[in-house]
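Residues per chain, in single letters:
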Amino acid sequence: MEEFTERYKDCSRVEWAWLQDLYSAVRDRLHPAVGASLRVPVEQLAEAVLRSVRRTVGSQSLPVSYTFVSVSELLSRQRTSCCSSLTWSTGQYRERAEEAEQAVPNHKALPRTNLLLIGLLCDGRASGQCDGFWRVRDVTGSVHCEVLKSSPLWLGKLMLFPTWNYISQDAPGQESGYLELIESPICVIPEPTASDPTETLSEVIGVRKAARLLRQKVSAGVRVCVSGEVGVVCPLLVIAGKSFFCLILAEGDSTVPILVTDPECVYWRQCVCVGQSVCVSALRVCSVRGWAGHRVLSVTSHSRLHPNPHAQEDSENTHSQSDSRTHSQSDSQSDTHTHSEPDPHRPQSLTDTRLQEDTHSEGDPAQGGAGPADSVYPVRRKLSRIISYRGRISSVLNAEAGLYEIDRKVGLCLAYQPLRKWCSGLRPGAEIELQNVHFLFRPSPFFPDVVLCVCLRSSVCVMAFSPLRSKVATLRSDGPLLCYLLERNLGVSEFLWLCYCHAALTERLCPRWVCEGRVCVVAGRLLQFVLGEEKKRKKRDIYREMLQDPHSCPLTEYCVGSPSVCVWSVRELCDWMEKESWESLSLSSLVPPSAPYLTQAQLNPLLSWSTHTLLMHSGSAHTDRLLVGVLEFSSSRASVRLVDQSAAVECVCVENNQSEDQYTAINTAWTGCLVCIRRCTLVMERFLKTDFPSWKHLDQHRHISHRHCRVYIQVCMEDLHILSPSASMSTILSERRREGGRTAGVKEGQQRDGRREEEEGVKEGIQMDECSGQSAQTGRMKRKRETEERRERCIKKPRDHSNHCDDPSAVGSASASSDPCVSLLFRVDSKQGVAFRNLQTSNETRGLRLSFVTTVTCLGDVQRWDRDPKNGRVEERERAGGEKKMELQFVDSSVRWFPLLQPGSEYRLITLHTQDVSVLCGSSVPVRGGVTLLSSPALLIQPQWRIHTLTQSLLCAQIQTLMTVSEVLHCSSDVVSFYGIISQRITLQEERGQTSAVQSLINAKDGVVERDLRVRLTLQDSEAPDQSLQVYLDLSHTPYIPGLLAGATVLLHHFQRKVSVVRNVYCCSLPISCVTVTGFGSLKPRPPPPMMHLGRWAPARAEQSIVGRVRAHVVCVLSLQLKWVCSLCGSVSKQAVCTRSCPPCDSTTAVFQAEAKVAVEDGTGEAQVWFSTETVAELLSLAVTEWEGIQRHVRVKGHLRVYARGRNMVCDVDPDDPLVRYLCALCSSSTVCRQLCLTCSLRSHRPEKAQLRKVSRGEREFLTKFPQSLQLHCTHIHTSH
Ligand SMILES: [Zn+2]
Ligand SMILES: [Zn+2]
């Protein structure tokens, strides 16, 4: 030390201390590592180090602000990424940082530290692993490093590193960071090269000659030295633990492949790049097993790599790397000619003109729009082009899947190359050069239009490291996405979709339902579902892919924009539906043709409820969407929901059986199943509160005082595709598998078959050994996969107690399932509807609570179990003990079982953590006041109890217990249960002054917005469409029932049958009534009403039919009334001013109304027919203009009535008015009194007593009792001649 410091006595104190540090650093860390081999003393080494530092800094002053750092110190102490440079001034550093920050926004530059790093540059052979990567080593340890351009002469030399980035990674189990050498290292002790290149180069042959040599048969044993330009550099592969790579030298049309397999030469991968001239010595000719019939050159242990002395490239000990950088940059920019063939030498930027050119050739001007909504391309395959490209990474899209974005518009996919252990400098802000990459245009609508994709023949080279800080993702070599890609040999479009789907699912399901590691499995299943039939894909052949001309690889051909299916979150769905709900609203389409004649009170109820349905299915242009979510049963609404982390949407589920009839039979096992839905009906129900004065105001939205919508989906069970089954569903599926698919559930069988194939696929189909180059991992991976398959349901159940019904621990921990429980087998006989009822249970407070009751038959005694039997097979003992009736009460959150309990089906009720059989025995209602109740014992279902569906009743069995609509019409029971198809739904007006007490409660609990909702459904007989029945439903005490739409099949239990005064039959809901929607969209066209004879219709009335067609002759017009009425109060309006005076009405909106009463006869009998406004004009045979003219005339007076007196028509006021005279004449003329064909309905009115009329015959007068004539209302005039 003294000897060394002696020479610098003149130095300042600081410099002296710095020199001491230098000396001890050399003595402790460097000399032990190199001193022995170089045979130099410590002092001499320290001198050399100091010289190189001075040379680097470029002045005699010492960089005293810099601290010597050892490799281990760097790794252990440097927690944040940083950069250090001996050569940059502060200004240079800032300039560089600012430039980069501007180029890639939202990123900050790496902070600068003053560290001085000196070490040996080696390739890991000292530690016994020649993996082909550079490492910087000193006595304390070694660190991975990335180099821009390296020389084979650096190997094993002691180097000073002037400028570098240190990128720290704080992932557990990883090395803590790596180096990016920005400037080339400087050799501390320059020494003559070991072998003289000129000697070997004397026997150099060119590429053409070498290619000829390879074609000759007798070339074995020859050692050659080949010189040429590098055309292709393949990535480093690892097969069975051995690293190797290929490169292709080119000269004109001739190429010669060189295989670099020798471990000591593998580091050349870092030293060669496309376009460089090199000379490789001591190559031998050999054949490759994986590439039959072809011969290649292979390196030997004597081989050396020489950068061609004649080439411009001089990467040895250069001090100015930035020169070469700018050189190639300008080179790339000046290059604009198009590449129809691989031209590896000139990388280029995809200029805008280039992009545009491609866009036009696609015939679609949409650019850059990765939005899934408008990006549906026809599925077609296209060939990719091979290009070279240079650009700057602007963001990392998905590091694990190797997806990046360059220059903010181009995608880069590295997934088809082996994963880089380190991110190898691919950070935002890095400039990269891609050689021989595939140019794909619109491979996926979810990624940039242009995607560059690398294969095993491409090389990715960092040209300038990023000066920016970035989060460095830890990349696992067994990343699930890449593994899936290799297992399935996916095409690039499919892989990109998988990545899109993976990200979407992670966001929506992770970690609540799917753990992170399983997302890819689910995404893979979804991909398979989307692709449908999976075609056999070619396995990758690595040698062919790397070496063969013309080039062929999985990227040569790709699908344009397919799959384009967009995976919607529940939130996106709901938002879209709400938006669509209002955008599709057209008020004028909701009102009938008679709308112009309706008053405010008549018009607005027609607008109060409307519905909009859309079929979501594959193939429809703008709805190629997919829903993914977990099925859950909502306790607050007694309904089924599809949920993800974003939202929940209600589902009306129906099941199709083979005969296409639909019936509800949702099994309890569906709870917790992760499903995807591609086909369903989106239903939007709109509720409006409006006060439109007349139809003319429909475009004025200020008259809408309140609006809201309910959105939900209707789905057939067979359209639910299980992505991950619940524990109970797995039981069902495996049970069916065991039965060999003999059961009726054919479609679920198909689903299951698909699954089985898929599982087998996972087990046998791993063919990643060669491609991934990590065959050692294959076995491990495979085993891992299998175990993963076994613990299939790592799908987590919601922790939320009220929401889950299945035991989450059941599969995860088999040992924990020795939990005692008791069970009861029962069959549902009937169930009541869910409603808010006044209940008192145990000692809780009295109040309105959501509840329902089912009567069941217990099929045996209560059983004890060691572990939860769930929905497993029924054991014999469970049926022992005889049947007995019981009432099950479901209150509050237990109402979630409502949609699952169906009459006729069998269930198992389970109480966990107990062995006490009395829990499920039920209790009789206590006798009060000496009154004996004859009811069955009752059991209050506790929220934590569970119910499992065991057997499901079929539609026919259920339906058999119900009446049809026609049977209801003709039966005499008071309470009926029946089924039919809804043909019409009308919201009834709120009854004024009657506010229900429960309303506020329902609002609070359910968020219900409809108040006192009462609807009238017209139910059609499913077999006889002419038979229909009106059902009045009071929904004010029940949770909203979705699915009550025209066309839906409904089962109605416990409804009151009533008969009106005209003997019209209708039904009303009772508090115990239960409505079940079992199918939809099956409304049969209603046949035309029957032809009726008046003589036969009159006595039978409603028993015959309510609606009928009549062919009759108009005898005379009994009365005709024309008037303008106030839309608000209905009083007569003159000149649009309401005439009501007490209290005065200031409405100025009037509507025209007309009514005619006509006597008709058809030979069998006679009837009085009423015509309302919309039919009067046709009755009078008036043209539109005439009719409008009459309306204008009446406007002045407001009111006009003519009626028959004797044979004439008269008017009480103003008989001389021309209009009156015209009308009187018209009504008596043959224009009106003619033959007509009418559709009429019975007019509902109180039957009057038979009339007494005087009849004179001759001179005698008789007083005769005439029966009330048949009174009809005309709804339609068919013929007017
Ligand atoms: Zn390729
Ligand atoms: Zn009025």
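Enquirer: Looking at this structure, how should I read the overall build of the protein?
Expert: In terms of regular secondary structure, the protein is built from 28 helices and 59 strands. A burial count over the protein gives 55% of its 1281 residues as buried. Taking the intrachain contacts of the protein between residues at least 6 apart in sequence as the baseline, contacts between residues at least 24 apart amount to 73%. Accessible area for the protein stands at about 57,300 Å²; split by element, carbon and sulfur atoms hold 50% of it.

Enquirer: I'm lost on the packing of helix α11 (residues 492-509) against helix α12 (residues 519-531) in this one. Help?
Expert: Any two packed helices are characterised by the angle at which their axes cross and by the distance between the axes. Running from N to C, α11 and α12 point in directions that differ by 130°, and their axes come no closer than 9 Å. As summarised for this structure, α11 and α12 are arranged oblique, according to the angle between their axes. As for how α11 packs across α12, the hand of that crossing is right-handed. Where α11 abuts α12, its residues E494, W497, L498, C501, H502, L505 and T506 lie against V519, C520, V522, A523, G524, L526, L527, V530 and L531.

Enquirer: Could you clarify how one ought to interpret the coordination of the zinc ion (ligand 1) in this entry?
Expert: Around a metal, the idealised angle for a tetrahedral arrangement of four donor atoms is 109.5 degrees; for an octahedral arrangement of six donor atoms it is 90 or 180 degrees. Coordination of the zinc ion (ligand 1) by the protein involves H438 (NE2), C455 (SG), H551 (NE2) and C553 (SG), with metal-donor separations of 2.0 to 2.2 Å. Motif for the zinc ion (ligand 1), donor spacing along one chain: H-x16-C-x95-H-x1-C. Remark: C455 occurs in the loop between β23 (450-453) and β24 (459-464) and H438 occurs in strand β22 (residues 431-441); sequence separation between them is 17 residues. Residues H438 and C455 agree in their burial class; the two are buried.

Enquirer: Would you explain the coordination of the zinc ion (ligand 2) in this entry?
Expert: Binding of the zinc ion (ligand 2) to the protein goes through C1126 (SG), C1129 (SG), C1138 (SG) and C1145 (SG), at separations of 2.2 to 2.3 Å. Around the zinc ion (ligand 2) sit 4 donor atoms; with metal-centred angles ranging over 99 to 124°, the donor geometry is tetrahedral. Written as a sequence motif, the donor residues of the zinc ion (ligand 2) are C-x2-C-x8-C-x6-C. Of this pair, C1126 sits in strand β49 (residues 1107-1126) while C1145 is found in the loop between β51 (1137-1138) and β52 (1150-1161), placing the two residues 19 residues apart along the sequence. C1126 gets classed as buried once you look at its relative accessible area, which sits at 0%. Under the relative-accessibility criterion, C1145 is labelled buried at 11%.

Enquirer: So what exactly am I meant to see when it comes to the sheet that holds strand β47 (residues 1049-1059) here?
Expert: Whenever strands of a sheet pair, they do so through backbone hydrogen bonds, lying parallel or antiparallel. Pairing in this closed barrel of 5 strands is mixed, and the strands run β44-β45-β46-β48-β47 around the ring. Averaged over all adjacent pairs, the angle separating strand axes in this sheet is 55°, with direction ignored. Sheet analysis places strand β45 (residues 1014-1020) next to strand β46 (residues 1028-1034), joined by 7 bridges and oriented antiparallel. Bridge assignment links V1015 to a residue of β46, and that residue is L1033.

Enquirer: Looking at this structure, I do not really get α12. What am I missing?
Expert: One turn of the α-helix equals 3.6 residues, which is why residues spaced by three or four share an orientation. Between its first and last C-alpha atoms α12 spans 18 Å; for 13 residues at 1.5 Å apiece the expected length is 18 Å, and the two agree. In terms of burial, α12 is a largely internal element, 11 of the 13 residues being buried. All of the buried residues along α12 are V519, C520, V521, V522, A523, G524, R525, L526, L527, Q528 and V530.

Enquirer: Before we go on, may I ask you to explain the pairing of strand β7 (residues 163-168) in this structure?
Expert: Within β7, 6 of the 6 residues are buried, which leaves it mostly tucked inside the rest of the structure. By the alternation rule, side chains of β7 split into T163, N165 and I167 and W164, Y166 and S168, which are all buried. Both strand β2 (residues 82-85) and β7 contribute to a ladder of 4 bridges, which runs antiparallel. The partner of S85 across the bridge, within β7, is T163.

Enquirer: Help me out: how do you make sense of empty space enclosed by the protein in this one?
Expert: Tallying each qualifying case throughout the model produces 12 cavities of 30 Å³ or more. For the second largest cavity, the calculated volume is near 100 Å³. Residue lining of the second largest cavity: 15 residues in total, with A399, G402, L414, L419 and R420 positioned closest to the centre.

Enquirer: Could you clarify how one ought to interpret the environment of K1134 in this entry?
Expert: Among the structural elements, K1134 can be located in strand β50 (residues 1133-1134). Assessed through its relative accessible area of 41%, K1134 is described here as partly exposed. Each C-alpha atom, one on K1134 and one on A1150, is 8.5 Å from the other, the two residues being 16 residues apart in sequence. If near-sequence neighbours (up to four positions away) are discounted, K1134 is found in contact with T1139, R1195, V1196, K1197 and G1198.

Enquirer: Sorry if this is basic, but what is going on with the nonpolar core here?
Expert: Nonpolar side chains tend to gather and get buried jointly when the protein is soluble and globular. Core analysis: the biggest nonpolar cluster contains 160 residues, and L452, F495, W497, L526, L642 and W670 have the highest contact counts within it. If one sorts the elements of this core by residue count, α11 sits on top with 10 residues. Setting aside its immediate chain neighbours within four residues, F495 contacts A401, C413, A415, Y416, L481, L482, L485 and L490. Counting residues in hydrophobic clusters, the runner-up holds 51 residues, among them V224, L236, L247 and V278.

Enquirer: Explain unusual backbone geometry to me, please; I cannot follow it from the model alone.
Expert: Residues other than glycine predominantly adopt negative phi, and peptide bonds predominantly adopt the trans conformation. Note the cis peptide between C510 and P511, where omega equals 0°. Mapped onto the elements of the fold, P511 is located in the loop between α11 and α12. Here the amide bond leading from D549 into P550 is cis, since omega sits at -5°, within 30 degrees of zero. If you trace the backbone, P550 turns up in the loop between α13 (542-547) and β25 (557-560). Not every positive phi belongs to a glycine, and A240 is a case in point at roughly 50°. Tracing the backbone shows A240 in the loop between β12 (237-239) and β13 (242-251). Here H1054, not a glycine, exhibits a phi torsion of approximately 60°, which is positive. Here H1054 shows up in strand β47. The class of H1054 is buried, set by a relative accessible area of 17%.

Enquirer: I'm lost on the packing of aromatic side chains in this one. Help?
Expert: Two aromatic rings are characterised by how far apart their centres lie and by the angle between their planes. Enumeration over the complete set of coordinates arrives at 16 aromatic pairs. Summarising the aromatic geometry, the rings of W134 and W154 are spaced 6.4 Å apart at their centres and angled 45° between planes, so their arrangement reads as tilted. Taken as a pair, W134 in the loop between β3 (115-122) and β4 (135-138) and W154 in the loop between β5 (141-147) and β6 (157-161) lie far apart in primary sequence, 20 residues in all. Residue W134 is classed as buried on the basis of its relative accessible area, which comes to 0%. Looking at W154, the relative accessible area reads 1%, which means it is buried. Taken together, the ring pairs connect W134, W154 and Y267 into an aromatic cluster. Cation over ring: R385 sits above F439, and NZ or CZ is 4.8 Å from the ring centre.

Enquirer: What should I look at first to understand the environment of M616 in this one?
Expert: Turning to its location among the elements, M616 is positioned in strand β27 (residues 609-616). Through-space distance from the C-alpha of M616 to that of L627 is 10.0 Å; in sequence the pair is 11 residues apart.

Enquirer: Even after reading the chapter, I still don't get the pairing of strand β19 (residues 385-398), so can you show me in this structure?
Expert: Residues in a regular strand project their side chains so that they alternate between the two faces of the sheet. With respect to burial, β19 is a largely interior element, 10 of its 14 residues being buried. The sheet contact formed by β19 and β22 spans 7 bridges and is antiparallel. When the sheet's bridge partners are listed, Y389 is paired in β22 with L434. Pairing between β19 and strand β20 (residues 403-406): 4 bridges, direction antiparallel. Along β20, the bridge assignment pairs V396 with Y404. Here β19 hands over to β20 after 4 residues, with G402 in that stretch at a positive phi of 70°.

Cut-off values and rules
- Residues numbered from 1 in each chain as written.
- Chains lettered and ligands numbered in written order.
- Predicted model: local features only at pLDDT ≥ 70, side-chain atom pairs only at ≥ 80, totals over all residues.
- Heavy atoms only, no water.
- Helix = DSSP H or I, 4+ residues; strand = E, 2+ residues; numbered from the N terminus.
- Buried < 20%, exposed > 50% of the residue type's maximum accessible area, 1.4 Å probe, protein only.
- Contact = heavy atoms within 4.5 Å.
- Areas by Shrake-Rupley, 256 points an atom, 1.4 Å probe, with all protein chains shown as cover.
- Axes fitted to C-alpha atoms, helices over the stretch in contact; angles between N-to-C directions.
- Parallel < 35°, antiparallel > 145°, perpendicular 65-115°, else oblique.
- Left-handed = near helix turned anticlockwise from the far one by under 90°.
- Donors = N, O, S within 2.8 Å, 3.2 Å for Na, K, Ca; no water.
- Tetrahedral: all angles 85-135°; square planar, octahedral: opposite > 155°, others 65-115°.
- Pairing = 2+ DSSP bridges.
- Expected span 1.5 Å × (residues − 1).
- 1 Å grid on protein atoms, 1.4 Å probe; cavity = no way out; pocket = protein on both sides within 12 Å on 5 of 7 lines; lining within 4 Å.
- Points joined across faces, edges and corners; volume = space filled by probe spheres on them.
- Core = buried A, V, L, I, M, F, W, Y, C linked by side-chain atoms within 4.5 Å.
- Phe/Tyr/Trp six-rings, centres within 6.5 Å; stacked < 30°, edge-to-face > 60°.
- Lys NZ or Arg CZ within 6 Å of the ring centre and 35° of its normal.

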